[in-house]
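Summary of structural features
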Amino acid sequence: MDIFLQLIVTGLATGGVYGLIALGFVLIYKATSILNLATGAFMSLGAFVCLSMLTQAGAPFWVAFTGTLVFAFLLGLIIERLILRQLIGEPIISVIMVTIGLAFMLQGITHIIWSPEYRSFPEIFPPEPLDLNFAIVPSGLLWGFVFAIIGTLIFILIFKFTRTGVAMRATANDQQAALSMGISVRWIFALSWSFGAIAAVIGGIVIGNISGISIYMGDIGLKVLAVIILGGLDSIGGAIIGGFIIGILENLTGLYIDPLVGGGAKAVAPFFILVIILMIRPYGLFGKKIIERV
């Protein structure tokens, strides 16, 4: 088996999961122009809620999964209504700082309820890996990739073919024009936060199934920043493609660069890419280039 092809395949599978988490950023940014730095906290909180339904309530996985999505939807609505709506009209940097505070608040709540101990998900999916002859995809990554692709397709279909999606795109393009057409911009903002929370929570469940969960698993949200900057802050397709690129480059860095520098290069590769993209193409590969005339 060619190790290079193996790393490409596992990088694509990992990148699909990154792309799903990146949707949590993109869906909110598209409608509100806010970069939600609490996405990682949504991930860990949702993963713990799902785990509790599985282990303490004894619910089947699909029941626990659906219940967690409902929880995420309501959480997004509540946070937007109680916290973010009060900041309409404030400078964007102020709102972003509030999302940082929100991240620590949600992490603290998770700590109080579940403690910082590492937890493992019960076996949810068949453990057999997928053998492609030229590469093997571990079960966790395989199902994570499946969830990522299905979730992404659902969000794309919502944005492209539903009235809600059209209203969200109109709001993202021009809030004043959307208001003049009778669109409730406040409701669209709330819906964007709910969709973003759902995407983050699905990512948390997927990551939890692959490597277990703790209150610090949301730190992967910082790595996903490189994905959304690479793909474009306002591009759903760019989030997925950026995830694939980062996943593959991470694996190749671990193979070729780590031995040369004594390790650690794989961990910092996404942030190295982030800096390069910001220097060369700050609006990403598929993001909109905005020109302001003064």
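Worth saying up front: this structure is predicted, and the values here are computed from it rather than measured.

Some details on the overall build of the chain
The helix and strand inventory of the chain stands at 12 helices and 2 strands. The order of helices and strands in the chain, counted from the N terminus, is α-α-α-α-β-β-α-α-α-α-α-α-α-α. In terms of overall dimensions, the chain is globule-like: its C-alpha atoms have a radius of gyration of 19 Å, near the 19 Å expected for 294 residues. The principal-axis extent of the C-alpha atoms belonging to the chain is close to 60 × 50 × 35 Å. For the chain, buried positions account for 51% of its 294 residues. Within the chain, contacts between residues separated by at least 24 positions form 76% of all contacts whose residues are at least 6 apart in sequence. A total of about 14300 Å² of accessible surface is found on the chain, and carbon and sulfur atoms cover 68% of it.

Remarks on helix α2 (residues 39-55)
Along an α-helix, residues three or four positions apart point the same way, because every turn accommodates 3.6 residues. Here α2 is 17 residues long and its end C-alpha atoms lie 25 Å apart, about the 24 Å a rise of 1.5 Å per residue gives. When you tally the buried positions in α2, you get 15 out of 17 residues, the bulk of the element.

Focus: helix α9 (residues 220-231)
The end-to-end C-alpha distance of α9, which contains 12 residues, comes to 17 Å, matching closely the 16 Å that a straight helix rising 1.5 Å per residue would cover. Taken across its 12 residues, α9 has 10 buried, putting it largely inside the fold. The set of residues buried in α9 consists of Ile220, Gly221, Val224, Leu225, Ala226, Val227, Ile228, Ile229, Leu230 and Gly231. Those residues of α9 that are buried lie in contact with α1 (3-32), α2, α8 (185-211), α10 (236-256) and α12 (265-280). Glycine 232 sits one or two positions beyond α9 and adopts a positive phi of about 115°.

Remarks on the packing of α1 against α10
Where α1 contacts α10, the two axes come as close as 5 Å, and the packing angle between them is 140°. In this view, α1 runs oblique relative to α10, as classed from their interaxial angle. Considering the relative orientation of α1 and α10, their crossing is right-handed.

A word on the side chain of glutamate 250
Of note, glutamate 250 is situated in helix α10. A distance of 3.0 Å separates the side chain of glutamate 250 from the side chain of lysine 223, its partner in a polar contact. Each residue touching glutamate 250, except ones within four places of it in the same chain, is listed here: Tyr18, Lys223, Lys266 and Pro270.

A few points about the environment of phenylalanine 65
Note on placement: phenylalanine 65 falls in helix α3 (residues 61-82). Measuring from C-alpha to C-alpha, the distance between phenylalanine 65 and isoleucine 183 comes to 31 Å, with 118 residues separating the pair along the chain. Once residues lying within four places of it in the same chain are set aside, the contact partners of phenylalanine 65 are Cys50, Phe147, Ile202 and Ile205.

Brief notes about the packing of aromatic side chains
Tallied over the full model, the rule gives 9 aromatic pairs. Chaining the aromatic ring pairs together yields one cluster made of Phe61, Trp62, Phe65 and Phe147.

Observations regarding the pattern of salt bridges
Pairing is possible between side chains of opposite charge, provided their charged atoms come close. According to the stated counting rule, one finds 2 salt bridges in the structure shown. The partner of arginine 85 in a salt bridge is glutamate 80, and the shortest N-O contact between them spans 3.1 Å. Assigned by exposure class, arginine 85 and glutamate 80 land together as buried. Linking glutamate 250 and lysine 223 is a salt bridge whose minimum nitrogen-to-oxygen distance equals 3.0 Å. Of this pair, glutamate 250 sits in helix α10 while lysine 223 sits in helix α9; the two residues are 27 residues apart in sequence, bridging distant segments of the chain.

With respect to the confidence of the model for the chain
For the chain, the mean per-residue pLDDT works out to 84, and 97% of the residues sit at or above 70. Element-level mean pLDDT values for the chain span from 80 in helix α7 (residues 175-180) up to 92 in α3.

Basis of the calculations
Residues numbered from 1 in each chain as written. Predicted model: local features only at pLDDT ≥ 70, side-chain atom pairs only at ≥ 80, totals over all residues. Heavy atoms only, no water. Helix = DSSP H or I, 4+ residues; strand = E, 2+ residues; numbered from the N terminus. Rg over C-alpha atoms; globule rule 2.2 N^0.38 Å. Buried < 20%, exposed > 50% of the residue type's maximum accessible area, 1.4 Å probe, protein only. Contact = heavy atoms within 4.5 Å. Areas by Shrake-Rupley, 256 points an atom, 1.4 Å probe, with all protein chains shown as cover. Expected span 1.5 Å × (residues − 1). Axes fitted to C-alpha atoms, helices over the stretch in contact; angles between N-to-C directions. Parallel < 35°, antiparallel > 145°, perpendicular 65-115°, else oblique. Left-handed = near helix turned anticlockwise from the far one by under 90°. Polar contact = N/O pair within 3.5 Å; in protein donor to acceptor, adjacent residues only side chain to side chain. Phe/Tyr/Trp six-rings, centres within 6.5 Å; stacked < 30°, edge-to-face > 60°. Salt bridge = Lys/Arg side-chain N within 4 Å of Asp/Glu carboxyl O. pLDDT = per-residue confidence, 0-100.

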